[in-house]
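Residues per chain, in single letters:
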Amino acid sequence: MAPVVTGHRAGAASSGAETSPVAIEAGGLVKTYGERTVVSVESLRVFEGEVLAILGPNGAGKTTLFRLLALLERPDAGWVAHFGQRVGIHDIAARRRTAAVFQRPLLFQGSVDENVGFGLRFRRLPRRDVRAKVRATLELMGISSLADADMRTLSGGEMQRVALARALVLEPEILFLDEPTSNLDVHVRRRFREDLRRVVDSLAATVVIITHEHNEALALARRVAVIQDGAVVQIGTPEDVFTHPQNAFVADFTGAETIWHGEAVECREGLCIVRTLAGIPVETVAEVDVGRPVVLAIRPEDVALALTDAAPPATSVRNRWCGEVDSVTPAGPLVRVVVRLDCEGGVTPVFGGEGEVISLITRASAEELQIGAGRRVTASVKATALHVLAG
Amino acid sequence: MGVFWDSIKQAVELLFTGDAFVYEVMWMSLRVAGSATLLGMVVGIPIGTWLALKRFWGWGAAATVLNVGLMLPPVVVGLFVFLLLSRQGPLGPLGLLYSPTAMIIAEFFIAAPVIAAITMGGVASVPKDVRLQAMGLGASRRQSTWLVIREARVTLLAGIVAGFGAAISEVGAVMMVGGNISIGGHNLTGTMTTATMAKVRQGDYAMAMAFGLILLLLAFVITFLLTRTQQGIRRRWLQS
């Protein structure tokens, strides 16, 4: 039988996941290597049947957390429970309800067939059953033709597909994926990620996926846990995490490229004027105490550009700043434009990105506006697209 | 023609006419070296694997002991085994001195460190994540260790061949504990190496050369098989 079945993963982001039984729970989890604390997670719950992405930059402790949750490494403190039972690295029965796919395919010497069969052979399944299950899974993954191929002759994408098949054939109740696409070429990655989503969507299992790309988290996960320096700093639906980042790190990491620091100078009826370190006045929709330091985060796709010499259109946009284009970098079908803001009253040049805003516009509009370094432009951002975070 | 070519000619004749003594000695050599290698695998592979996968207090000392074992002068091995098995030695009552068993024991101490050391290198060179990946697919500790050994199998094969090579080409230790005894034209504890030495001393260069040729042929065959195995693997690499 095909191992991956049982209908589509039910519905929308937050729908009832919190009320489902808990598949994985961790408490007071600490792992240190020498002097360095790599993981320090106060508490974490993964609900049955959900897809949780653990999102963080390289070196944030994602892989170590993954190994702790997957019972592959022993924590220095704290505990991990699977399905309500506290478990450790010696609980083979618990580990056999899970399967892990690593960042590198790590195929074992031998044929594709053999590789996919290893997990079943570890479980001492009769040879005939192993063969049938392996064939079915290879078919499902669209790699039946590779069955007899030696693992060394495979391409990177094929290898990772085999690695995924090797885990799926086990029909795990929890599937752990550690950056399964990060080792692939860009064009292979896109296709593989599509397949991965199809598989994950059709799977009834609980899935924990480690990633450092917010796109991947958005595409696959129902909940996202952002991890910084080994600790979970925010956990919630992708919408929640991406639109209401709890701090500058989360904002930055989830794709808000413009991050400004400032202070609320005037608040009235739910609107606050924030003056940034660079002296830029910003109107925001937020309840902040006057005088409190705040962090502003703006996603590049929320920043519109217009030529400064053009007549300003009638618009509801509250925040308009003018400046000079500093750099233009193509990013696929889009163009990333860095604008150095200089003409607001009292803009003081500051280090870093404080005096800059980053905008992502289409290639076509960049050509139309003839955007290039040195061009005078006006950047505008709706007050609702400005994320105000506690400073 | 000199003695060199004559002895080669006679040696080939001896080999093809099926001289009983030559085959008895060859068989003894293979049996003793083969048994010693098998025992060396049984002991050396687990020790090498253990040293490769574990770090413990005294690891350095253990690795040093292994490396000393690698450099062990065969004559010293022979001396120790001789004194252990000699009539006054602790194992004297077993009456094993000058028997094939004594030779197997001596060659075991020569082959086992070689197998253990090469196993250690091979297993240690398997990426650590391979073991974790096996566990991530539900392997028990034992199964994951087995998998790592399996990953290092080419190196292990080389280690086993090297151990066998060291055992079968050994002279000093086997001479000391085996004695190269033959009675009434029948071989009891002669191996190809000790018999070669004895025959040279007796001036029977043809017989000596026959053993020499067999040893050489054996080296060729084994090396050929090993290289072919390794090449097969490299060829598959190149296809990718």
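See the structure printed just above.
Here's a quick rundown of the structure.

1. Focus on the overall build of chain B
Argument step 1. Scanning chain B from terminus to terminus reveals 11 helices and 2 strands.
Argument step 2. Going from N to C terminus, chain B has its helices and strands arranged as α-α-α-α-α-α-α-α-α-β-β-α-α.
Argument step 3. Taking contacts inside chain B between residues at least 6 apart in sequence as the whole, the part at least 24 apart equals 74%.
Argument step 4. Element-wise, carbon and sulfur atoms account for 71% of the exposed surface of chain B, whose accessible area totals about 12,500 Å².
Argument step 5. If you average the places of the 17 positive and of the 9 negative side-chain charges in chain B, the two averages end up 17 Å apart.

2. A short note on the overall build of chain A
Argument step 1. A tally of helices and strands in chain A yields 10 helices and 20 strands.
Argument step 2. Once the C-alpha set of chain A is aligned to its principal axes, its extents read approximately 75 × 45 × 40 Å.
Argument step 3. Looking at chain A as a whole, 51% of its 391 residues qualify as buried.
Argument step 4. Taking as baseline every contact in chain A between residues at least 6 positions apart, the subset at least 24 positions apart corresponds to 68%.
Argument step 5. Accessible area of chain A: about 17,300 Å², with a carbon and sulfur share of 50%.
Argument step 6. Averaging the positions of the 43 positive and the 48 negative side-chain charges in chain A gives two centres separated by 8 Å.

3. Details of the packing of aromatic side chains
Argument step 1. Taken as a whole and judged by the stated rule, the model has 10 aromatic pairs over all chains.
Argument step 2. When the centroid spacing of 5.9 Å and the interplanar angle of 35° are considered together, the rings of Phe 118 of chain A and Phe 122 of chain A count as tilted. With a gap of 4 residues between them, Phe 118 of chain A and Phe 122 of chain A both fall in helix α3 (residues 112-122), about one helical turn apart. Summarising the burial analysis for this pair, Phe 118 of chain A and Phe 122 of chain A share the class buried.
Argument step 3. Considering the side-chain rings of Phe 4 of chain B and Trp 5 of chain B, the 5.2 Å spacing of their centres and the 85° angle between planes classify their relative orientation as edge-to-face.
Argument step 4. Residue classification places Trp 5 of chain B among the exposed positions, given a relative accessible area of 51%.
Argument step 5. Here the aromatic cluster, defined as three or more aromatic residues joined through ring pairs, consists of Phe 108, Phe 118 and Phe 122 of chain A together with Trp 146 of chain B.

4. So, the sheet that holds strand β19 (residues 376-381) of chain A
Residue and element names in this part refer to chain A.
Argument step 1. Across the sheet, which stays open at both edges, the 5 strands sit in the order β15-β19-β16-β17-β18 with antiparallel pairing between neighbours. Two strands in the sheet have a free side with no partner beyond their single neighbour: β15 (304-307) and β18 (356-362). Sheet twist, expressed as the average angle between the axes of neighbouring strands with direction ignored, equals 45°.
Argument step 2. Examined bridge by bridge, strand β16 (residues 319-331) and β19 share 6 bridges and lie antiparallel to one another.

5. Here we look at the sheet that holds strand β6 (residues 98-101) of chain A
Residues and elements named next belong to chain A.
Argument step 1. One open sheet holds the 6 strands; their spatial order is β6-β7-β8-β3-β9-β10, and the pairing between them is mixed. At either end of the open sheet lies a strand with only one pairing partner, and these are β6 and β10 (231-236). Each strand of the sheet is rotated relative to its neighbour by a mean of 15°, with strand direction disregarded.
Argument step 2. Direction of pairing for β6 relative to strand β7 (residues 174-178): parallel, over a ladder of 4 bridges.

6. Things to note about the interface of chain A and chain B
In many analyses, interface size is given as the accessible surface area lost on bringing the parts together.
Argument step 1. Counting residues at the interface gives 32 residues for chain A, matched by 24 residues for chain B.
Argument step 2. Both faces combined, the contact of chain A with chain B buries some 2,500 Å², and carbon together with sulfur accounts for 56% of it.
Argument step 3. Of all residues in chain A, Gln 109, Phe 122 and Arg 152 of chain A give up the largest surface area on contact with chain B, accounting jointly for 29% of the area buried on that side.
Argument step 4. The tally of links between chain A and chain B comes to 2 salt bridges.
Argument step 5. One salt bridge connects Arg 67 of chain A with Asp 129 of chain B, and the closest N-O pair in it is separated by 3.1 Å.

7. Let's talk about the side chain of Ser 359 of chain A
Residue and element names in this part refer to chain A.
Argument step 1. As for its position among the elements, Ser 359 is in strand β18.
Argument step 2. Overall, Ser 359 belongs to the buried group, its relative accessible area being 0%.
Argument step 3. For Ser 359, the contacting residues outside a window of four places in its chain are Pro 300, Val 303, Leu 305, Val 335, Arg 336 and Val 337.

8. Brief notes about unusual backbone geometry
Glycine aside, residues mostly have negative phi, and peptide bonds are mostly found in the trans state.
Residues and elements named next belong to chain B.
Argument step 1. Here the phi dihedral of Tyr 98 falls at roughly 60°; this positive angle occurs in a residue that is not glycine.
Argument step 2. We note that Asn 180 has phi near 50°; this positive angle belongs to a residue other than glycine.
Argument step 3. A relative accessible area of 19% places Asn 180 in the buried class.

9. A word on a nonpolar patch on the surface
Argument step 1. On the surface, Val 3, Phe 4, Trp 5, Val 200 and Tyr 205 of chain B cluster together into a nonpolar patch covering about 530 Å² of accessible area.
Argument step 2. Residue classification places Val 3 of chain B among the exposed residues on the basis of a relative accessible area of 53%.

10. Structural notes on the packing of helix α5 (residues 100-124) of chain B against helix α8 (residues 153-168) of chain B
Residue and element names in this part refer to chain B.
Argument step 1. Closest axis-to-axis distance for the α5/α8 pair is 8 Å, and the angle between their directions is 160°. By the angle between their axes, α5 is roughly antiparallel relative to α8. In this structure, α5 crosses over α8, and the sense of that crossing is right-handed. In this structure, α5 contributes Glu 107, Ile 110, Ala 111, Val 114, Ile 115, Ile 118, Thr 119, Gly 122 and Val 123 to the contact, and α8 contributes Thr 155, Leu 156, Gly 159, Ile 160, Ala 162, Gly 163, Ala 166 and Ala 167.
Argument step 2. Its residues placed into classes, the contact of α5 with α8 shows 11 nonpolar, 5 polar and 1 charged.

11. Digging into the layout of surface pockets
Residues and elements named next belong to chain B.
Argument step 1. Here the largest pocket is characterised by a volume of approximately 670 Å³.
Argument step 2. Around the largest pocket, the lining comprises 19 residues; the ones closest to its centre are Leu 53, Lys 128, Arg 131, Leu 132 and Arg 141.
Argument step 3. Broken down by class, the residue content of the lining of the largest pocket amounts to 12 nonpolar, no polar and 7 charged.

12. Considering the nonpolar core
All names here are of chain A.
Argument step 1. Residues Ile 24, Leu 69, Phe 176, Leu 177 and Val 224 are the most contacted members of the largest nonpolar core, which totals 103 residues.
Argument step 2. The leading source of residues in this core is helix α5 (residues 156-168), at 6 residues.
Argument step 3. When near neighbours in sequence (up to four residues on either side) are disregarded, Ile 24 contacts Leu 44, Arg 45, Val 46, Leu 69, Val 80, Ala 81, His 82, Ile 174, Phe 176 and Val 208.
Argument step 4. Ala 264, Val 282, Val 337 and Ala 366 belong to the second-largest nonpolar core, a separate cluster that totals 31 residues.

About the criteria used
Residues numbered from 1 in each chain as written. Chains lettered and ligands numbered in written order. Predicted model: local features only at pLDDT ≥ 70, side-chain atom pairs only at ≥ 80, totals over all residues. Heavy atoms only, no water. Helix = DSSP H or I, 4+ residues; strand = E, 2+ residues; numbered from the N terminus. Contact = heavy atoms within 4.5 Å. Areas by Shrake-Rupley, 256 points an atom, 1.4 Å probe, with all protein chains shown as cover. Lys, Arg positive; Asp, Glu negative; His and termini not counted. Charge placed at Lys NZ, Arg CZ, Asp CG, Glu CD. Buried < 20%, exposed > 50% of the residue type's maximum accessible area, 1.4 Å probe, protein only. Phe/Tyr/Trp six-rings, centres within 6.5 Å; stacked < 30°, edge-to-face > 60°. Pairing = 2+ DSSP bridges. Axes fitted to C-alpha atoms, helices over the stretch in contact; angles between N-to-C directions. Buried area = accessible area lost by both parts, 1.4 Å probe. Salt bridge = Lys/Arg side-chain N within 4 Å of Asp/Glu carboxyl O. Patch = residues over 30% accessible without salt bridge, like charges linked within 9 Å, V, L, I, M, F, W, Y side chains within 5 Å. Parallel < 35°, antiparallel > 145°, perpendicular 65-115°, else oblique. Left-handed = near helix turned anticlockwise from the far one by under 90°. Nonpolar A, V, L, I, M, F, W, Y, C, P; charged D, E, K, R; others polar. 1 Å grid on protein atoms, 1.4 Å probe; cavity = no way out; pocket = protein on both sides within 12 Å on 5 of 7 lines; lining within 4 Å. Points joined across faces, edges and corners; volume = space filled by probe spheres on them. Core = buried A, V, L, I, M, F, W, Y, C linked by side-chain atoms within 4.5 Å.

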